[in-house]
Amino acid sequence: MEESKRVKILQFVQNALLFGDSVVVPTHIDRHLMAFADEEFGQNWIEAQEVVDVLATGLRSILQSRGSTEPPAYDLGSLMAHLFGIGPLHFHKVPFLLRNLLRKSVFKNQLRILDLGAGVGISTLSTIYFFELLANSTRLVTGVQEEVHLTFTALDSLDEALRLYQKHIQGYRPVFPEVQVDVASPIQATLSPDPDSLANTLGRDRYDLILASHVLGEMRKLGITQRAKLLAELGKYLEPGGSILFAESASSAIPSEMNQLKARAVGEGLTLFAPCSNAWEKPTGRQCYSCGNVSFEKVRRPNIADIIGTVCEDYSFDQLAANNSWVFGILRADDVIHHSQLEIGSGLFTKLAASPQAENGRATVYGAVAKLEVGRVDNEPYFKLCDQTCGSDVAWLKFAPEVGVPALENGDVLELENVSVVPAKGGKNKVFLVVDGETRMRNLSRDFRLLPSKHVLTQEVVG
Ligand SMILES: C[S@@+](CC[C@H](N)C(=O)[O-])C[C@H]1O[C@@H](n2cnc3c(N)ncnc32)[C@H](O)[C@@H]1O
């Protein structure tokens, strides 16, 4: 595909995810969830006290388990309560990770996907939704209907989850006909880092994508090292170029622990592909602190949540959404990201600390947004900026009042021309970069037209 068209497709997908109906549950999926509830519980389930009690008890047990060291005990009620009550909050996460992957590579037309701890299938549904969005964007840009064939295998320790998953996903009809979905025989198993046990469970099958959404955080009986070993073992079940998509909510897992888990998985031999600059890759080797970051998205209440809110008194979607930060990562078993063009010193990134400053204390630098914080002393927002040098905490980005603080996303790559560089007190390596009226800031990740083609990785670039 022509690079200019690919860039346009990326823009469509990006805009739909950022501004469209997808950060929330899109209407047709919401309708599907409601139809599924009707099918499972009967048309008048909202009025049936026993169903309301089952869902309310399920929600309560999931919410209570968050503060406990015991994982939630899933049964029919809690699985359904998860699907309708908490699951919709997870909906946007896998599509965001897929979008990050798409920025760097192209997807095959046939993908085999393993959904670990699949539950009733919210992460599978959101994956299908992403490919619908991509198919639609591709058709809009190229006029060509590009078929994509997705085969999902659900793995869960619970039979009940797998029964519901099969029914729920098989019953979903994609809006865009070019997206074909198959559901393979599910795998009923309890995940374990033991290589033999995993080999028994997964056999010789290999996958292009492994979804690990809101399951590793629940495996509290295993230590972080054990869970990292599990991730590394799972890497052996990836097709070449395949990825493990990892997402965990701060409301159900401890973010620092989940960041540690990612770092340990890298220590066990996996490569952390993202986050770390959405447009470029990080060099392999030491892990930059920005890769251990947490993202937050505001989500609109899905329709189904209104019903749940009406029938289950102690359910508050708003309260859940207020804590909707998440830890995420894309892990790979191979080293395809390491590309000489992208190495430090290749000219793409100047190490901020080494950046030549003009006499007037101004400079031109690149950096990736790592996270937003609020200053303890001045109470003003500032961004940590990663310059891809790994292990560095060198620059904090601030905006002068006359400029205002723009909306930035973690991983956005910024080019800051003529930015004011102010050394921070007490840290040789630390500087404040202050964007003022004289600075020209370009967000290279937002506007793909600004990226020369070598920055948007295609198969040809990766080689
Ligand atoms: C919170 S749900 C996640 C559902 C879906 N992936 C999502 O992101 O919304 C967690 C699921 O993981 C399953 N699970 C928890 N620990 C597991 C383990 N050790 N092995 C297999 N499945 C597990 C539970 O039975 C449950 O269905």
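The notes below deal with the structure included here.

This part covers the site of the ligand. Contacts to the ligand come from 21 residues, most closely from Ile122, Ser123, Asp156, Leu191 and Ser213. In the model, a nitrogen atom of the ligand is placed 3.0 Å from a nitrogen or oxygen of the Gly117 main chain. For the ligand, a nitrogen atom lies 3.2 Å from a polar atom in the backbone of Ser157. The protein chains hide 93% of the 600 Å² of surface that the ligand would expose on its own. In a pocket analysis with a 2 Å cut-off to the grid points, the ligand is assigned to the largest pocket. Going through the elements one at a time, α4 (76–90), α6 (122–142) and β2 (148–156) are the ones with two or more residues in the shell around the ligand. At 3 residues, the largest contribution of residues to the shell around the ligand is made by α4. For the shell around the ligand, a count of residues per class yields 10 nonpolar, 9 polar and 2 charged.

This next bit is on empty space enclosed by the protein. Counted by the stated rule, this structure contains 5 cavities of 30 Å³ or more. The volume enclosed by the largest cavity comes to roughly 160 Å³. If you trace the largest cavity, you find 16 residues lining it, with Ile62, Arg66, Ile86, His90 and Ser252 closest to the centre. Sorting the residues of the lining of the largest cavity by element identifies α3 (49–65) and α4 as the ones contributing at least two each. Sorting elements by how many residues they give to the lining of the largest cavity places α4 first, with 4 residues. In terms of residue class, the lining of the largest cavity is built from 6 nonpolar, 7 polar and 3 charged.

Now for α3. The end-to-end C-alpha distance of α3, which contains 17 residues, comes to 24 Å, matching closely the 24 Å that a straight helix rising 1.5 Å per residue would cover. Turning to α3, its buried residues number three or more, namely Val51, Val52, Leu55, Ala56, Gly58, Leu59, Ile62 and Ser65. Taken together, the buried residues of α3 touch α2 (27–41), α4 and α11 (303–311).

Turning to the nonpolar core, a few remarks are in order. Among the nonpolar cores identified, the biggest contains 78 residues, and Leu55, Phe84, Leu98, Phe107, Phe130, Phe131 and Leu150 are the most heavily contacted of them. Per-element tally for this core: the top contributor is α6, with 10 residues. In this view, Phe130 contacts Val13, Leu17, Pro95, Leu98, Arg99, Leu102 and Phe107; residues no more than four positions away in its chain are not counted. Residues Leu261, Ala265, Leu272 and Val327 belong to the second largest nonpolar core, which totals 31 residues.

The subject of this paragraph is the packing of helix α9 (residues 224–235) against helix α10 (residues 255–267). Orientation of α9 relative to α10, taken along the N-to-C sense of each, is 50°, at an axis distance of 8 Å. What the angle tells us is that α9 and α10 run oblique. As α9 packs across α10, the resulting crossing turns out to be right-handed. From α9, Ile224, Thr225, Arg227, Ala228 and Leu231 reach across to α10, where they touch Glu257, Met258, Gln260, Leu261, Arg264 and Ala265. A breakdown of the residues in the contact of α9 with α10 according to their chemical character gives 6 nonpolar, 2 polar and 3 charged.

Cut-offs applied
Residues numbered from 1 in each chain as written. Predicted model: local features only at pLDDT ≥ 70, side-chain atom pairs only at ≥ 80, totals over all residues. Heavy atoms only, no water. Near = heavy atom within 4 Å. Polar contact = N/O pair within 3.5 Å; in protein donor to acceptor, adjacent residues only side chain to side chain. Areas by Shrake-Rupley, 256 points an atom, 1.4 Å probe, with all protein chains shown as cover. 1 Å grid on protein atoms, 1.4 Å probe; cavity = no way out; pocket = protein on both sides within 12 Å on 5 of 7 lines; lining within 4 Å. Sits in = over half its atoms within 2 Å of the grid points. Helix = DSSP H or I, 4+ residues; strand = E, 2+ residues; numbered from the N terminus. Nonpolar A, V, L, I, M, F, W, Y, C, P; charged D, E, K, R; others polar. Points joined across faces, edges and corners; volume = space filled by probe spheres on them. Expected span 1.5 Å × (residues − 1). Buried < 20%, exposed > 50% of the residue type's maximum accessible area, 1.4 Å probe, protein only. Contact = heavy atoms within 4.5 Å. Core = buried A, V, L, I, M, F, W, Y, C linked by side-chain atoms within 4.5 Å. Axes fitted to C-alpha atoms, helices over the stretch in contact; angles between N-to-C directions. Parallel < 35°, antiparallel > 145°, perpendicular 65-115°, else oblique. Left-handed = near helix turned anticlockwise from the far one by under 90°.

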